[in-house]
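# Remarks on the overall topology
Spelled out, the chains give:
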Amino acid sequence: MKLKPVAYLERGEFPLEEGEALRLYRAMRRARLFDEKALTLQRQGRLGVYAPFMGQEAAQVGVALALSAGDWVVPSYRESALLLTRGLPIHVLLLYWRAHPAGWGFPEGFRGVNPYIPIATQIPQAVGLALAGRYRGEDWVVATSIGDGGTSEGDFHEGLNFAAVFQAPVVFLVQNNGYAISVPRSRQMRVDYIARRAEGYGMPGVVVDGNDAFAVYLEAKKAVERARRGEGPTLLEALTYRLAPHTTSDDPSRYRSREEEEAWRRKDPILRLRKALEERGLWDEERERVLLGELEAEFARELSLADAAPEPRPEEIVEHVYKEMGPDQRRAYEALRRGLHVEEAW
C-alpha cells in the first residue's frame, strides 16, 4: 500500500471556499488562545495538571469542523481544541481541568464525553457508541482521537478490528506528534506511517500533513461521509508536532533538541494558514487584532463563570461514578454527606 501525506499549503493550493477557510482559522486561533491561557492558569495554581496541544490545532479543529451537529466526539486528554470547536463552553472545560464536579457533566445535548486519561481506552468505547447509533436508527458518526504512543496499546488494535468487522461509523484520528511522552516514534514501531496498519484491519488508511488545516479538514470530511454512507471506519493519521510539553509536569528538553523544536515552529499550523489567507487578501493585522480582542473578552467572561462555581460538596465525587449508585457508592455517599470518613460507613 503506497502512502503519501495529503497536503495543500506547501504547494500553495487553496482548495476551500473563503468562508470555510476563515472558519478554520478563527477556530484554530480560538483554540490556541485557550491553550495559552490554560498554561498560564496552571502556572498560577488555578488549574490542575494540564496537557497542552499547541501545534496540533489543525488536526483537532479540522476533524471537529468536518462533523455534523448530531455526531459525537470521544477524546483523549489532549483534545481540548476538539471539544471547544464542537461547542463545549470554555468555563466547563476550565472546571474539568480544575477537577471540579461542575466540569465532569457536560451540558445537556452536547455530543461528546469527558476526555479519557487512561491510554487508548476510548477507542473500543467509541466503536460501541458508533454501533449504538446504528441500533437506534441514528446516522451519527463518532470521531475519536489518539496519539502515536497510544496506538501501541491493545485497546487500539481491538477497537479497530471490531470497527472494521462490523463496519462501525467511526473516524479514528491519530495525532502523530512524534513522541509517546519522551519515546520517539522510531522506538515505538517499524512502519513508516501508522495509517499503514489500517490495511491489516480492512479499512482505509489516510496520511495527512497534520499542520495543514485544509488537508485535515477535507480528508476528515471524506471519512465522515464514508462512515455515514455505511461504508465503515477510516484511520486518519495527522503528522504533526507537540510544540509544548507533554503535560505541565514534563520537561521536553530532556528528550528532544531545540533545533528540532524550532524547525517545527516554522511549520506552525496557525501561521501557515494565516499566510495563505493573507496572500489572498482575506486576512491582515487589523482583522487579527479584532479577532484577538473578541477572543480575549470571551475567555475573560468564561473564566469569571468558572471562578464563580460553588465549592463542591464532598459527596459529589461519588455522584459521578455510575448513572445509578451501587451499594458501595451509596454507603460512601451517605458517609461523605454526613461529614464522616468513608471507612465509618462500613
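Residues numbered from 1 in each chain as written. Predicted model: local features only at pLDDT ≥ 70, side-chain atom pairs only at ≥ 80, totals over all residues. Heavy atoms only, no water.

### Remarks on the packing of aromatic side chains
- One pass over the structure, following the stated rule, counts 11 aromatic pairs.
- A centroid spacing of 5.1 Å and a plane angle of 80° characterise the contact between Tyr 50 and Trp 97, whose relative ring orientation is edge-to-face. A residue pair is termed long-range when its members are at least 10 positions apart, and Tyr 50 in the loop between helix H1 (18–43) and helix H2 (57–66) and Trp 97 in helix H4 (residues 90–97) qualify at 47 residues.
- For Tyr 50, a relative accessible area of 0% translates into the label buried.
- An aromatic cluster is built from Phe 34, Tyr 50, Tyr 96, Trp 97 and Phe 299, whose rings are joined through pairwise contacts.
- Stacked on the ring of Trp 264, the Lys or Arg Lys 267 has its end atom at 4.5 Å from the ring centre. (Phe/Tyr/Trp six-rings, centres within 6.5 Å; stacked < 30°, edge-to-face > 60°. Helix = DSSP H or I, 4+ residues; strand = E, 2+ residues; numbered from the N terminus. Buried < 20%, exposed > 50% of the residue type's maximum accessible area, 1.4 Å probe, protein only. Lys NZ or Arg CZ within 6 Å of the ring centre and 35° of its normal.)

### Some details on the pattern of salt bridges
- Throughout the structure, instances matching the rule amount to 29 salt bridges.
- The salt bridge involving Arg 313 is made with Glu 315; its shortest N-O contact spans 3.0 Å.
- Classification of Glu 315 as buried rests on a relative accessible area of 8%.
- When the shortest N-O distance is used, the salt bridge between Glu 334 and Arg 330 registers 3.6 Å. Pair noted here: Glu 334 and Arg 330 are both in helix H13 (residues 327–337), with a separation of four residues, about one helical turn.
- Judged by relative accessible area, which is 22%, Glu 334 ranks as partly exposed.
- Within the structure, one salt-bridge network assembled from shared partners comprises Arg 29, Arg 274, Glu 278, Glu 285 and Glu 288. (Salt bridge = Lys/Arg side-chain N within 4 Å of Asp/Glu carboxyl O.)

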